[in-house]
Amino acid sequence: MQTPLWLLAVLLVTGPTACASADSRRPSDPEATGGAPTASRSATARETAGDDRVLYQGAGIFVVPRDGGSPTRLSGGLAGAEHPDWSPDGATVVFESEFAGVYRAAADGSAAPRRLWSCSRPCVSVHDAAWSPDGTEIAVAVAESRDDVHTSRSAVLSIDVASGAARTVVADRSGRRWLFAPRWSGDGRRLVLERDTFASRRLDEGRVLEVAVLVVSARGRSVPREIAGWAGPVAGPGAPAPDWDRRRDLIVYTRDDNLRLVWPDGSHDRALTDVDGDTEHAIQPTFTPDGRSVVFTHVTGRFDVDDRPTAAVISVDGGEPAPLAAGVSMTHPRLGP
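Residues numbered from 1 in each chain as written. Predicted model: local features only at pLDDT ≥ 70, side-chain atom pairs only at ≥ 80, totals over all residues. Heavy atoms only, no water.

### Section: the sheet that holds strand S4 (residues 81-86)
Link 1 in the chain: On the basis of which strands lie adjacent, the open sheet formed by 4 strands has the order S4-S5-S6-S7 and antiparallel pairing. The open sheet is flanked by S4 and strand S7 (114-118), the only strands paired with a single partner. Direction aside, the axes of adjacent strands within the sheet are offset by 25 degrees on average.
Link 2 in the chain: For S4 and strand S5 (residues 92-97), the ladder comprises 4 bridges, and the chain directions are antiparallel. By the bridge assignment for S5, Trp 86 is matched with Val 93. (Pairing = 2+ DSSP bridges. Helix = DSSP H or I, 4+ residues; strand = E, 2+ residues; numbered from the N terminus. Axes fitted to C-alpha atoms, helices over the stretch in contact; angles between N-to-C directions.)

Below is the structure:
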């Protein structure tokens, strides 16, 4: 199985060393709507409502108290365990292993992981599992190939948790566009995701010509809406990796190694962080359960072997980020529900 060099680069440099309703309610954002600016403040770990645990990727999948402490390994002996997500009740987590299968594990580490879905031919890669708000489905991104050399299809699938059956939510058959990082809206009716356009159909292609953030119907009955996009060439680890606030219609994503907020129709796009993207990076954002803040991977340095990514949290109103989990080295942090 071959994986695009772009995806491999993202994973290598971010390793352990290196409820909205159908009315589409808008976020209360005076600054975005042209009103008086909101006073910026720094979010602290204690200000973010939710579980006392941070789920993250290190040399495996772990959970750790958000004030720091001893982490608990959840991925057992599985190799290449990455991209974890919480179940809505906080009892279970989901992740993929070596891009070959999707696994469930008890969030307290009391049971060994169990395989939920396998990436079988023509599937050559599965990644970025995300639990639906009602706990009945898990969205994943997959890539397929008929000859193990060229991409034949990229898709977002929804896996039924009870049966393991998968359905296609959205697909691209160009062979040059890969879909990544699906995340559910709070009402479970839509998904936000990333689309990368590569220079060729080859599975080992590393040149990314264009990046976009899309919103699609979770039932597969609409044309994807592009809400943000930019031309390449694209370099570095700062993939959009969007997330959707479960309490209101607000999306966070990464561009140029900075976090940005945008509404699902593409309007009111604004920067949340202001780092140089060279010696400091803000990537892999997720909303806290109360929607007041964003947890993200904070990296200082140029992604060299000595760099040590950690988790940080920042208010959606802006301000200075605060460290999370007492500086434990991690990527893809997610605060428990």
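Still more to cover.
### Some details on the state of the cysteines
Link 1 in the chain: In the structure shown here, the tally under the stated rule is 1 disulfide.
Link 2 in the chain: A disulfide bridge connects Cys 119 with Cys 123, and the sulfur atoms are separated by 1.9 Å. Disulfide Cys 119-Cys 123: the torsion about the S-S bond is -100 degrees, which places it as left-handed. (Disulfide = S-S within 2.5 Å.)

### With respect to the confidence of the model for the chain
Link 1 in the chain: When pLDDT is averaged along the chain, the result is 86, and 83% of the positions lie at 70 or above.
Link 2 in the chain: Counted against residues more than four places away or in other chains, residues 8-46, with its pLDDT under 50, gives 99 contacts. (pLDDT = per-residue confidence, 0-100. Contact = heavy atoms within 4.5 Å.)

### Remarks on the sheet that holds strand S21 (residues 293-300)
Link 1 in the chain: Strand order in the open sheet formed by 4 strands is S20-S21-S22-S23, with antiparallel pairing between adjacent strands. Because the sheet does not close on itself, it has two edges, and the strands there are strand S20 (280-287) and strand S23 (322-324). Strand-to-strand, the axes of this sheet are offset by a mean angle of 40 degrees, without reference to chain direction.
Link 2 in the chain: Alignment of S20 against S21, held across 6 bridges, turns out to be antiparallel.

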